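Summary of the model geometry
This is what each chain is made of:
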Amino acid sequence: MTAPMLLLPILLPVAIALVVLLIPSRVKAVREVISVLASIVLLYFAWSFFTIKDLTWKVGWLGNGVDFDLRLYHFSAFILLGLAGFLFLIALYSTVKMKNVPRVREYYAYVFLTAAFANGAVLSNNFVPLIFFWEGLLLTLYGLITIGGKKDSNRTAVKSFILGGFCDFSMILGVAILWKITGTLTLSEISVKPEGLAAASFILMVVGAIGKAGAMPFHTWIPDAAIDAPVTVMAFIPAALEKLLGIYFLARITLDFFVLEKNSTLAIVLMTIGAATIVLAVFMALIQKDFKRLLSYHAVSQVGYMILGIGTAVPIGIAGGIFHMINHAMYKCGLFLSSGSVEHRCGTTELKKLGGLRQEMPLTAFGFAVCALAISGVWPLNGFVSKEMVFHGAVETGYIIFAVAAWVGAILTFASFLKAGHSVFLGPRGRDVPAVKESESPVFIPILTLAGLCILFGVYNKLPLKEFIEPILEGHVEAGEHLDFSAHALAVFNPIALISVGCLVIALLLHLYGWKKAGRKAYLASEPVHKFPVLKQIYDLAEKRIFDIYEQGIRFLKGLSGILFKLVDRPIDAFYEKGVTAVGRAFTGVLRAAHTGHYANYLAWSIGGLLAVAGIISLLLK
Amino acid sequence: MVFLFIALPLVVAGILPLVGKVSKKFLPDLLANAVFIVLLVLVFFEGRGIAGQEAAVRELSWLGEPLNIRLLLDGFSLFMLFAVALVGFAISLFSIDYMDHYGSKANFYALFLVMIAGMNGLLLVTDLFQIYVFLEVAAVASYALVAFGLGHDELEASFKYLMLSAVASAFLLAGIVLIFGVTGALDFESVSQGLAALDSRFLVGLCAAFFILGFGLKAALVPFHAWLPDAHPSAPAPISAALSGLLIKVSGVYALTRVFLNVFGLTPALSTVLMYLGIISMVVAALLALGQTDIKRMLAYSSISQVGYIVLGIGLGTPLGILGGLFHLFNHALAKSLLFLNSGSLQMATGTRKLDEMGGLGKRMPVTSVTTLVGSLSIAGVPPLNGFWSKLIIIVALIQAGRWAFALIAVLASVLTLWYYLLIQRKAFFGKLNEKWASVREAPFWMTVSTVLLALLCIATGIFFAGTVNSWVRPAADAVVKGLQTALGSLGF
Amino acid sequence: MIIEIALLCGLVVFSAAAIIFRDLLRSAICLAVASLLLGIIFFRMKAPYIGAFEISVVAGLITVLFIVTIALTKTGGDVRESKAAAWIFPLFFVVFLVLDFFVMRGLIGKIPALGAAPEEGGFGDVLWKARTFDLVGQIGVIFAGVLAVLALFRKRDKDE
């Protein structure tokens, strides 16, 4: 393993993307085999990189401190491994699910390009290449969403691009300020206190990170994409990739670049954002009537846990947040893949139409169940471990309100998954859907793999905690504080864990109540919450997209431009029309007229020019 | 070996008319393209040879007796040789299909090779008079090439070009003669030392003015530019590409830079004059381009504008400015040739050059549309294409030197540039397909290959610009700067 | 001294006349005369080779070529030009001369004497040995010229 091999995770996917793009559409099998094999190769390399865990490669690029700097260390190796793993699962899954999609070559190309850019972003040790790769992800995401081919796919793709672009712009601004403060662009060399100008940089970069991760209020493209984009794209990017990258960056910001202190203003801001995201998104998730949209809102909500955990600035909280990142990636990916499996066989993901699929699709059902229980934080799965760590951290900060918000979130999470699972897999057999079989193996293998990992990371949590998480926190805790989280990870008999269990019970009761009230229709089980007095108005407003900053932003801009148009633009336009354009046109016209094609004229200009130049030189000589 | 750069094209040009009698199309195509491939290989070979070394003045010998042929190969000339070989290759590939209907292909290739030989010679000389001679070689070939189509417009354009160039050559010769008279020598080093020893500011100033007329006309700086908008559109598309992409740069910018920066030294007065000429060209030509309806005329004016950028960067005189100017020279050579070649494709497909008559061709000619877009965005300076980086470097150099007004104007001119290029794209390729063009097809194979190659080079140079800058442009800029420092400081103005 | 000035003035006058005359034959003759005057100037400056070349090539060969071409071709209809064009060039020319006069007057005292370069070998040595590379260039120009004639006077094929 030599240092330049660090380029492999970036260049190999690019090469594969080009190859896949060029293979003619008829030879499907070749393309799929190449994709899966390539992802296996990348996974192998990611694994061997992880075992080495320390490698840097630096090449001067633009001067002025802008270098192409790649650094493999425990955190980036860990993320790299995660990225490679998800790439493999998605590639495998796509061989079946994306078989007959138009533009499938582009799909695979974009997927591999996304992997390349993501790998590049993770490995970058210098802000400029990092930003370059980060931006590239916007383009591939745009492309991937448009592959969905639905009526609104283009619009949603543009929305994701603009929201992402805004967050990226904020990040670039933050990086620029940071550069001005520290004078360096190398990630591993930066560490400042977040006060004054640095605080502004901190916030800007945090916006960039959480925007990428899909937190509120930059999340509004995700539920739209759930319908408009292919489900594999949902499983790959919002579920897995973006969380990994966004939270990786957030962790670097709060641990490496800036030293975030517990209960400082900035930490509280982070925790608030986290808590708000948890609660608001899960409220939206609860009332969804489409399986995929429900999952997408949960993806947003779970990011809140990660942000909350990292915002606590307490070791156990931070560790919990980061652990939650990888856990979430796994179970959310699994959940999306299982929804894709259902869609693959049944042709729909509307909860109303589905039901009772547990007998016909047992493996999907099992995978779904495990992942759903994991996301709800049921003992002893991975979600329980990471959530408990976050709760502990939140409580440790002293601000109980955040923990309360997180618990409310936990209640509604479980309730919504009870609703979803009940609607799809339990209950009476939906009549709108014909008889189906279980999906093919490339579909259920990834689901089961992820489910298995959820179980593994929960029960044997020592493995991920020791290998992945604890090294990240080394050096960030006071000497003497031990970093062993796994010892009490599965402890249930402490107040916090008991409250969590209590939340699960409340959720179960809520679900059963709603189910009974709605005449034993599972998909209406969330109606009591939906129709609850104050909530109802808020929900209605949300339906009208009042809370979607993108929509509001567009509306505001339209309004603003209307005002500007009447007040400012017309007058300027008149001036411009009569003044500038006329002058400009006059200039152009004069110049055009001057170019008569007449040789003598041209000669005269040349000689005139000579005289002018000679005159000027002689003047300057004096 | 270096002499091959000049000898090979000349020799092949000599035998091509004879070959042309035997095989009308195939052998000439093959021979001409083979020459360029050999030239490209030679460039890399020589490049590795002089990598990191000082400039090499090679003295040739024939059968043991030293011939008095000295060739100067430094980073700058190698860089230009590379550009000439690369773009020349693309052009000759394009010509395989495009020149089919002009007839007498072998003669075309022969003239083209003579022009290339002249350019290469100009790039390698060590002597003022030899600059003049090889400039004339390339120029005479180009007069004939502009008139190749034998139509009324072409002949008229060629004639005007010839007459204006003749004036330029005359003044060039006058300047060279004056310098010879004063210093008694013609080769760069002796002249440089001679001028430094003498206190002849006014004479040098006068010669500088003559050279600016001469080389400025070749480079098409305003106000010496007027021949270009007539000559370039009338010429067959590959020749327009060669003229805009190569000739104005080699016989104009390169010669100007060599003489002013390595022989005279770039004094503040000269720097000011060059920068103003550059900025005026930039703006005036951009304004003129906006008013055009003929796509090739618009591109021709754009060439003038971009040469303004190059001269602005080089005229600034700082290492970064020179770097930016040279890099922009390379990028513009790639992109402008690409655009002119595509205009040829358009002309071949639709029979017209008027933008208003085209429309919606993107659907029928997708490759041409995409490559034109790449070329346009490159020249307009849109990241991450190559033109963006070179323009950025020039603007940064201007800011670093404190020339804020120039930098601002350069940025505004960039906006103007983007505007008229988007106009081209919109009028020709986007929008509804004009009924007339419902049955046009994409350009033939070699034309497509050539333009795709250039487009890929634009993209690659943009993405890997650091590598390109470091391996090719920086040695060139260093060579120029070193020459500048040797010559500077001694002329008193 | 007087002779020099007279010859030079004559050169300028006949060159300008060659351009201003509308009749091609008269222009060609003026060109020949101007070249003759230039040749005489060269002889007086003790550059016999150049004088001989000048007279034989320009006043001789080129004038003959012009006259033969004029005789073998018909002049096309006169191009109608705007009245302005007729006097712009003479005006510019006069202005240029005036400016030139002032520039030269300013320069005269300041230009160091153009030293006579030491004669290094005869004409043949200079041509073949000292300026060998120029010969390569000359070959190039000759090629360009020949090819230009071949290209521009080619027979148009049916498929053009």
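In what follows, the structure referred to is the one given above.
The text that follows walks through the structure, step by step, so that each part is easy to find. (Residues numbered from 1 in each chain as written. Chains lettered and ligands numbered in written order. Predicted model: local features only at pLDDT ≥ 70, side-chain atom pairs only at ≥ 80, totals over all residues. Heavy atoms only, no water.)

Before going further, it helps to examine the overall build of chain A. Secondary structure summary: chain A contains 22 helices and two strands in total. Burial analysis of chain A (622 residues in total) assigns 58% to the buried set. Accessible surface computed for chain A: about 24,100 Å², of which carbon and sulfur atoms make up 70%. (Helix = DSSP H or I, 4+ residues; strand = E, 2+ residues; numbered from the N terminus. Buried < 20%, exposed > 50% of the residue type's maximum accessible area, 1.4 Å probe, protein only. Areas by Shrake-Rupley, 256 points an atom, 1.4 Å probe, with all protein chains shown as cover.)

Tallying secondary structure elements over chain B gives 18 helices and two strands in all. The 493 residues of chain B split such that 68% are buried. Long-range contacts, defined here as pairs at least 24 residues apart, represent 81% of the contacts in chain B between residues at least 6 apart. Carbon together with sulfur atoms contributes 69% to the accessible area of chain B, which is approximately 15,200 Å² in total. (Contact = heavy atoms within 4.5 Å.)

Take the environment of Gly317(A) next. Note on placement: Gly317(A) falls in helix H12 (residues 315–346). Non-local contacts of Gly317(A), meaning those with residues more than four positions away in its chain, are made with Gly309(A), Ile310(A), Thr312(A), Met389(A), Val390(A) and Gly393(A).

Residues and elements named next belong to chain A. Here helix H13 (residues 362–376) crosses helix H16 (residues 441–459) at 35°, and the two axes come no closer than 9 Å. Handedness of the crossing formed by H13 with H16: left-handed. For the pair formed by H13 and H16, the contact residues are Leu 363, Thr 364, Phe 366, Gly 367, Val 370, Cys 371 and Ala 374 on the first element and Phe 444, Ile 447, Leu 448, Ala 451, Cys 454 and Ile 455 on the second. (Axes fitted to C-alpha atoms, helices over the stretch in contact; angles between N-to-C directions. Left-handed = near helix turned anticlockwise from the far one by under 90°.)

Attention shifts here to the packing of aromatic side chains. Under the counting rule described, the total for this entry stands at 40 aromatic pairs over all chains. Ring centres of Phe291(A) and Phe368(A) lie 5.6 Å apart, and the angle between their planes is 70°; on these two criteria the pair is classed as edge-to-face. With a gap of 77 residues between them, Phe291(A) in helix H11 (residues 291–311) and Phe368(A) in helix H13 connect regions that are remote in the sequence. A residue is classified by how much of its surface remains accessible, and Phe291(A), at 0% relative accessible area, is buried. Put simply, the rings of Phe36(B), Phe94(B), Tyr98(B), Tyr102(B), Phe108(B), Tyr109(B), Phe112(B) and Phe148(B) pair up and form one aromatic cluster. Taking the ring centre of Tyr73(A) as reference, the NZ or CZ of Arg71(A) above it sits at 3.9 Å. (Phe/Tyr/Trp six-rings, centres within 6.5 Å; stacked < 30°, edge-to-face > 60°. Lys NZ or Arg CZ within 6 Å of the ring centre and 35° of its normal.)

Glancing now at the interface of chain C and chain B. Listed by partner, the interface residues are 31 residues for chain C and 42 residues for chain B. Both sides of the chain C and chain B interface together cover about 3,100 Å² of buried area, and 73% of this is carbon and sulfur. When the buried surface of chain C facing chain B is broken down by residue, Phe133(C), Leu147(C) and Arg154(C) rank first, second and third, together holding 23% of it. Scanning the region where chain C abuts chain B turns up zero salt bridges. Here chain C and chain B share zero residue pairs in polar contact (both at pLDDT 80 or more) between them. Secondary-structure elements contributing two or more residues to the side of chain C that touches chain B are helix H4 (83–108), helix H5 (123–130) and helix H6 (132–152) of chain C. The leading source of residues in the side of chain C that touches chain B is H6(C), at 16 residues. For the side of chain C that touches chain B, the residue count by class is 16 nonpolar, six polar and nine charged. (Buried area = accessible area lost by both parts, 1.4 Å probe. Salt bridge = Lys/Arg side-chain N within 4 Å of Asp/Glu carboxyl O. Polar contact = N/O pair within 3.5 Å; in protein donor to acceptor, adjacent residues only side chain to side chain. Nonpolar A, V, L, I, M, F, W, Y, C, P; charged D, E, K, R; others polar.)

This part takes up the packing of helix H14 (residues 366–380) of chain B against helix H17 (residues 445–463) of chain B. Residue and element names in this part refer to chain B. Put simply, H14 and H17 touch, their axes get as near as 9 Å, and they point 35° apart. Relative to H17, the crossing made by H14 is left-handed. Across the interface between the two elements, Val 367, Thr 371, Val 374 and Ser 378 from H14 touch Thr 448, Thr 451, Val 452, Ala 455, Cys 458 and Ile 459 from H17. The residue makeup of the contact of H14 with H17, split by class, is six nonpolar, four polar and no charged.

It is worth spelling out a nonpolar patch on the surface at this point. Residues and elements named next belong to chain C. A cluster of nonpolar side chains, namely Leu 25, Ile 29, Tyr 49, Ile 50, Phe 53, Val 57, Leu 61, Ile 62, Leu 65, Phe 66 and Ile 67, defines an oily patch on the protein surface of about 960 Å² accessible area. At the level of secondary structure, the elements contributing two or more residues to the nonpolar patch comprise helix H2 (24–44) and helix H3 (48–72). If one sorts the elements of the nonpolar patch by residue count, H3 sits on top with nine residues. Among the structural elements, Phe 66 can be located in helix H3. Take Phe 66: its relative accessible area is 41%, and that puts it in the partly exposed class. (Patch = residues over 30% accessible without salt bridge, like charges linked within 9 Å, V, L, I, M, F, W, Y side chains within 5 Å.)

Purely geometric numbers; function is a separate question.
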